[in-house]
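Take a look at the letters that make up each chain.
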Amino acid sequence: MDRATLHAHAVFWGSEDKPLRVDLHRLTIEERALYDDLRNNRIRPGLRLEQEHIGFHWLAHRLHVPDSTCTSN
């Protein structure tokens, strides 16, 4: 998750009583920075955003990558 997604869905923020604090090795630099902020309670103690609350249109827009290799026939 990126920081923009987290903050855009602040209305859905919940709380995790026993957050996972393990190292995650396959994150981008930006994802790792956000994860560190979350697990070290820098944004809010126990902050959790369930992925089910992230809307499909938000997700589709964030994942869209224009295909510059397409050609018109």
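Source: prediction; values computed, not measured. (Residues numbered from 1 in each chain as written. Predicted model: local features only at pLDDT ≥ 70, side-chain atom pairs only at ≥ 80, totals over all residues. Heavy atoms only, no water.)

## Things to note about the overall build of the protein chain
Then step 1. In terms of helices and strands, the protein chain carries three helices and two strands.
Then step 2. Within the protein chain, the fraction of its 73 residues that count as buried is 16%.
Then step 3. Pairs at least 24 residues apart make up 70% of the contacts formed inside the protein chain by residues separated by at least 6 positions.
Then step 4. Within the structure as shown, the protein chain displays about 6100 Å² of accessible surface, and the carbon and sulfur contribution to it stands at 55%. (Helix = DSSP H or I, 4+ residues; strand = E, 2+ residues; numbered from the N terminus. Buried < 20%, exposed > 50% of the residue type's maximum accessible area, 1.4 Å probe, protein only. Contact = heavy atoms within 4.5 Å. Areas by Shrake-Rupley, 256 points an atom, 1.4 Å probe, with all protein chains shown as cover.)

## A look at the layout of surface pockets
Then step 1. Approximately 800 Å³ is the volume attributed to the largest pocket.
Then step 2. As for the largest pocket, its lining consists of 28 residues, and the residues nearest its centre are M1, Y35, L38, R48 and L49.
Then step 3. Of all elements in the fold, only α1 (3–8), α2 (29–39), β2 (47–48) and α3 (56–63) reach the threshold of two or more residues within the lining of the largest pocket.
Then step 4. Grouping the constituent residues of the lining of the largest pocket by class yields 15 nonpolar, four polar and nine charged. (1 Å grid on protein atoms, 1.4 Å probe; cavity = no way out; pocket = protein on both sides within 12 Å on 5 of 7 lines; lining within 4 Å. Points joined across faces, edges and corners; volume = space filled by probe spheres on them. Nonpolar A, V, L, I, M, F, W, Y, C, P; charged D, E, K, R; others polar.)

## Describing the side chain of T5
Then step 1. The topology assignment puts T5 in helix α1.
Then step 2. Apart from residues no more than four positions distant in its own chain, T5 is found in contact with L49, I54, W58 and R62.

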